[in-house]
Amino acid sequence: MNLKYEGLLAVLIGGMVIGLAYSTKSGRAYLAVGIFLLGVLLVYALNWYYNSRVEKIEDERTELISTKSTRNGYAVMSVILFAEYLWEYSNGNTETATKLLIPLALGVLALLVSQYWYERVM
C-alpha cells in the first residue's frame, strides 16, 4: 500500500478527530489528551520523515512563506475556538466557554506578536 504524504496526513488527522470526538463524548479526559499528543507526535514524525528525504532551501522568501502559513493556521484555529466559544456560551455552558477564552486569547497574542515581528524584520 503506497500512500502519499497527503493521504497519510489525512488518515492521521481523521483518526485524531474521530478519537477526540469519542473520548470527549465518553468523558475520558486522559484518553483525549493521549490521543491528541500521540496525533501531534505522529504528524511531526511524518513531516520529519518526508522533509528528511528532500534538500531544504532556506532563504528569506521561504521563511516568510512558512511564517505566513503558520500565522494563517493560528487564525483558522482562533476562528474555530471562537465558534466553539459561541456554541458553548449559547447552550448555557458559561464555565466551559470561559475556559475557551484562554487559548483564544493566547492565539490572538501569538498572531499580534508574529505580525509585529515580521513587519519589523521585513
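Structure shown above.
Residues numbered from 1 in each chain as written. Predicted model: local features only at pLDDT ≥ 70, side-chain atom pairs only at ≥ 80, totals over all residues. Heavy atoms only, no water.

Novice: Which parts of the structure should I look at to understand the overall build of the chain?
Specialist: Assigned secondary structure in the chain consists of four helices and zero strands. Written out in order from the N terminus, the α and β elements of the chain read α-α-α-α. In terms of C-alpha radius of gyration, the chain reaches 18 Å, well past the compact-globule figure of 14 Å for 122 residues. Taking the principal axes of its C-alpha atoms as reference, the chain extends roughly 50 × 45 × 20 Å. Taking all 122 residues of the chain together, the buried fraction comes to 16%. Taking all contacts inside the chain whose residues are at least 6 apart in sequence as the whole, residues at least 24 apart take part in 53%. Carbon and sulfur atoms form 67% of the exposed surface of the chain, whose accessible area is close to 9,800 Å². Distance between charge centres in the chain, computed from 10 positive and 10 negative side chains, equals 5 Å. (Helix = DSSP H or I, 4+ residues; strand = E, 2+ residues; numbered from the N terminus. Rg over C-alpha atoms; globule rule 2.2 N^0.38 Å. Buried < 20%, exposed > 50% of the residue type's maximum accessible area, 1.4 Å probe, protein only. Contact = heavy atoms within 4.5 Å. Areas by Shrake-Rupley, 256 points an atom, 1.4 Å probe, with all protein chains shown as cover. Lys, Arg positive; Asp, Glu negative; His and termini not counted. Charge placed at Lys NZ, Arg CZ, Asp CG, Glu CD.)

Novice: When you look at the nonpolar core in this model, what are you seeing that I'm missing?
Specialist: For soluble globular proteins, nonpolar side chains are generally found buried alongside one another. With five residues, the main nonpolar core is built from Leu-81, Tyr-85, Ala-97, Leu-100 and Leu-104. Broken down by secondary-structure element, the contributors of at least two residues to this core are α3 (60-90) and α4 (94-121). Tallying contributions element by element places α4 first for this core, with three residues. Excluding its chain neighbours within four sequence positions, the residues that come into contact with Ala-97 are Tyr-85, Glu-88 and Tyr-89. (Core = buried A, V, L, I, M, F, W, Y, C linked by side-chain atoms within 4.5 Å.)

Novice: Quick question: what am I supposed to make of the packing of aromatic side chains here?
Specialist: Centre-to-centre distance and the angle between the planes together describe a pair of aromatic rings. Scanning the entire structure with this criterion turns up two aromatic pairs. Ring centres of Tyr-49 and Tyr-50 lie 5.3 Å apart, and the angle between their planes is 80°; on these two criteria the pair is classed as edge-to-face. With a relative accessible area of 25%, Tyr-50 lands in the partly exposed category. The interplanar angle of 20° and the centroid separation of 5.9 Å between the aromatic rings of Tyr-85 and Tyr-89 together place this pair among those described as stacked. Pair noted here: Tyr-85 and Tyr-89 are both in helix α3, with a separation of four residues, about one helical turn. Judged by its relative accessible area of 17%, Tyr-85 is buried. (Phe/Tyr/Trp six-rings, centres within 6.5 Å; stacked < 30°, edge-to-face > 60°.)

Novice: Mind showing me how you'd approach the layout of surface pockets here?
Specialist: Rolled over the atoms, a probe as big as a water molecule pinpoints where empty space is left. Considered as a void within the structure, the largest pocket measures approximately 1,100 Å³ in volume. In terms of lining, the largest pocket is formed by 21 residues, of which the most central are Met-16, Leu-20, Phe-36, Met-77 and Ile-80. Sorting the residues of the lining of the largest pocket by element identifies α1 (5-25), α2 (29-52) and α3 as the ones contributing at least two each. For the lining of the largest pocket, the element with the highest residue contribution is α2, accounting for eight residues. When its residues are assigned to classes, the lining of the largest pocket shows 17 nonpolar, two polar and two charged. Approximately 170 Å³ is the volume found for the second largest pocket. Together, Lys-56, Ile-57, Glu-58, Thr-62, Glu-63, Ser-66 and Thr-67 line the second largest pocket. Its residues assigned to classes, the lining of the second largest pocket comprises one nonpolar, three polar and three charged. (1 Å grid on protein atoms, 1.4 Å probe; cavity = no way out; pocket = protein on both sides within 12 Å on 5 of 7 lines; lining within 4 Å. Points joined across faces, edges and corners; volume = space filled by probe spheres on them. Nonpolar A, V, L, I, M, F, W, Y, C, P; charged D, E, K, R; others polar.)

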